[in-house]
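Working through the structure, step by step
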Amino acid sequence: MPFGETPVTLIGNLTDDPELKFTDGGAALAKFTVAVTPRTFDRTANTWKDGTTAFYRCAAWRTLAEHVADSLKKGSRVVANGRMRQHDWTNEQGEKRSMLAVEIDDIGASVRFTTVTINARPATQNGGAGGNDPWAKTGAADDSKFSEEPPF
């Protein structure tokens, strides 16, 4: 992460299905909102109390965007890592506007309250499942060629 970036981790629920779009250059972009509600335990009432929900507008790019759109839906509980970005623009009335959004670097379904099934993806040039990953076992009958030692 470059110097001066503002890292953020969000744990919350998607408020709607991710919206997948493609730029004129063909890059995939998924936009979605994560609702984060803090909970605290009230000892005097002996109950959990919800705090004020914050809504974070998020964007994921390229392959991650396509995986988000294929994997997540409204209500999905997620753990997302990314960077805060400020967007500035001028509206049609000539008024200056700005908003904060989170550019997502990594996201996954939370398994705190549910289970998730992971589907293996096809081999990729950069070492995805079945690619050049030295830690991946291919399921070959002869496991003698594999070692518990790290490949470095």
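Residues numbered from 1 in each chain as written. Predicted model: local features only at pLDDT ≥ 70, side-chain atom pairs only at ≥ 80, totals over all residues. Heavy atoms only, no water.

1. Details of the packing of aromatic side chains
Heads up, the condition is: Two rings belonging to Phe, Tyr or Trp (six-membered ring only in the last case) form a pair when the distance between their centres is within 6.5 Å. Interplanar angles under 30 degrees mark stacking, angles over 60 mark edge-to-face geometry, and anything in between is tilted. The rule is simple: take the accessible area with a 1.4 Å probe, protein chains only, and divide by the maximum for that residue type; under 20% is buried, over 50% is exposed, in between is partly exposed.
Summed over the entire model, instances satisfying the criterion amount to one aromatic pair. The interplanar angle of 70 degrees and the centroid separation of 5.3 Å between the aromatic rings of phenylalanine 41 and tryptophan 48 together place this pair among those described as edge-to-face. By relative accessible area, which is 36% here, phenylalanine 41 ends up partly exposed.

2. Notes on the pairing of strand β5 (residues 47-50)
The test is simple: When DSSP locates at least two bridges between a pair of strands, those strands are taken to pair. Here a helix means four or more residues in a row that DSSP labels H or I, a strand means two or more in a row labelled E, and each is numbered from the N terminus.
As judged from the four bridges shared by strand β4 (residues 39-42) and β5, these two strands associate in the antiparallel manner. Within the sheet, the bridge partner assigned to arginine 39 lies in β5 and is aspartate 50. What sits between the antiparallel neighbours β4 and β5 is a turn of four residues, in which asparagine 46 has the positive phi angle 55 degrees.

3. Looking at the nonpolar core
The following threshold applies: Here the nonpolar core consists of buried residues drawn from Ala, Val, Leu, Ile, Met, Phe, Trp, Tyr and Cys, with membership extended through side-chain atoms lying within 4.5 Å. In this description, contact between two residues means that some pair of their heavy atoms is separated by no more than 4.5 Å.
Ranked by size, the top nonpolar core spans 18 residues in total, and within it Phe32, Val34, Ile104 and Ile107 carry the most contacts. Taken together, the elements giving at least two residues each to this core come down to β1 (7-14), β3 (28-36), β6 (54-61), α1 (62-71), β7 (77-90) and β8 (96-109). Per element, the largest residue contribution to this core is five residues, and it comes from β3. Those residues within four positions of isoleucine 107 in sequence are excluded, and the remaining contacts are Phe32, Leu64, Val68, Leu72, Val78, Val79 and Ala80.

4. Quick word on unusual backbone geometry
Positive phi outside glycine occurs at asparagine 46, with the angle close to 55 degrees. As for its position among the elements, asparagine 46 is in the loop between β4 and β5. Overall, the relative accessible area of 57% leaves asparagine 46 in the exposed class. Located in the positive-phi region is arginine 62, a residue other than glycine, with phi close to 55 degrees.

5. Some thoughts on a nonpolar patch on the surface
Put simply, the rule reads: Residues enter patches when they are more than 30% accessible in relative terms and free of salt bridges; like-charged ones are connected within 9 Å and nonpolar ones (Val, Leu, Ile, Met, Phe, Trp, Tyr) within 5 Å. Calculation of accessible area relied on Shrake-Rupley with a 1.4 Å probe; when residues are assessed, cover is drawn exclusively from the protein chains displayed. Definition used for salt bridges: Asp or Glu carboxyl oxygen within 4 Å of a side-chain nitrogen of Lys or Arg.
Nonpolar side chains collect at one region of the surface, where Val111, Val116 and Ile118 lie side by side and expose about 300 Å² of accessible area between them. Relative to the helices and strands, valine 111 is located in the segment after β8. Valine 111 sits in the exposed class, given a relative accessible area of 55%.

6. Points about the side chain of serine 110
Our working definition: By the criterion applied in these results, polar contacts are pairs of N or O atoms within 3.5 Å in which, for protein atoms, one can donate a hydrogen and the other can accept it, and in which residues neighboring in sequence qualify only through two side-chain atoms.
One can find serine 110 in the segment after β8. Residue serine 110 is classed as buried on the basis of its relative accessible area, which comes to 8%. Of the polar contacts made by the side chain of serine 110, one reaches the backbone nitrogen of arginine 112; its length is 3.3 Å. Not counting chain neighbours up to four residues away, the residues in contact with serine 110 comprise Arg77, Val78, Val79 and Val116.

7. Details of the pattern of salt bridges
Tallying each qualifying case throughout the model produces nine salt bridges. Taking the shortest distance from any N to any O, the salt bridge between glutamate 5 and arginine 83 comes out at 3.2 Å. Here glutamate 5, found in the segment before β1, pairs with arginine 83, found in strand β7; they are 78 residues apart in sequence, far enough to count as distant. Measuring nitrogen to oxygen at the nearest pair gives 2.7 Å for the salt bridge that ties arginine 39 to aspartate 50. Highlighted residues: arginine 39 in strand β4 and aspartate 50 in strand β5, separated in sequence by eleven residues. Aspartate 50 matches arginine 39 in its accessibility class, with the two residues each being exposed. Through salt bridges that share partners, Glu5, Arg83, Arg85, Glu103 and Asp105 make up one connected network.

8. Quick word on the environment of valine 78
By the secondary structure assignment, valine 78 is in strand β7. Considering only alpha carbons, one finds valine 78 and valine 34, 44 residues apart in sequence, at a separation of 8.1 Å. Once residues within four sequence positions are removed from consideration, valine 78 is found in contact with Leu10, Ile11, Gly12, Leu14, Val34, Leu72, Ile107, Gly108, Ala109 and Ser110.

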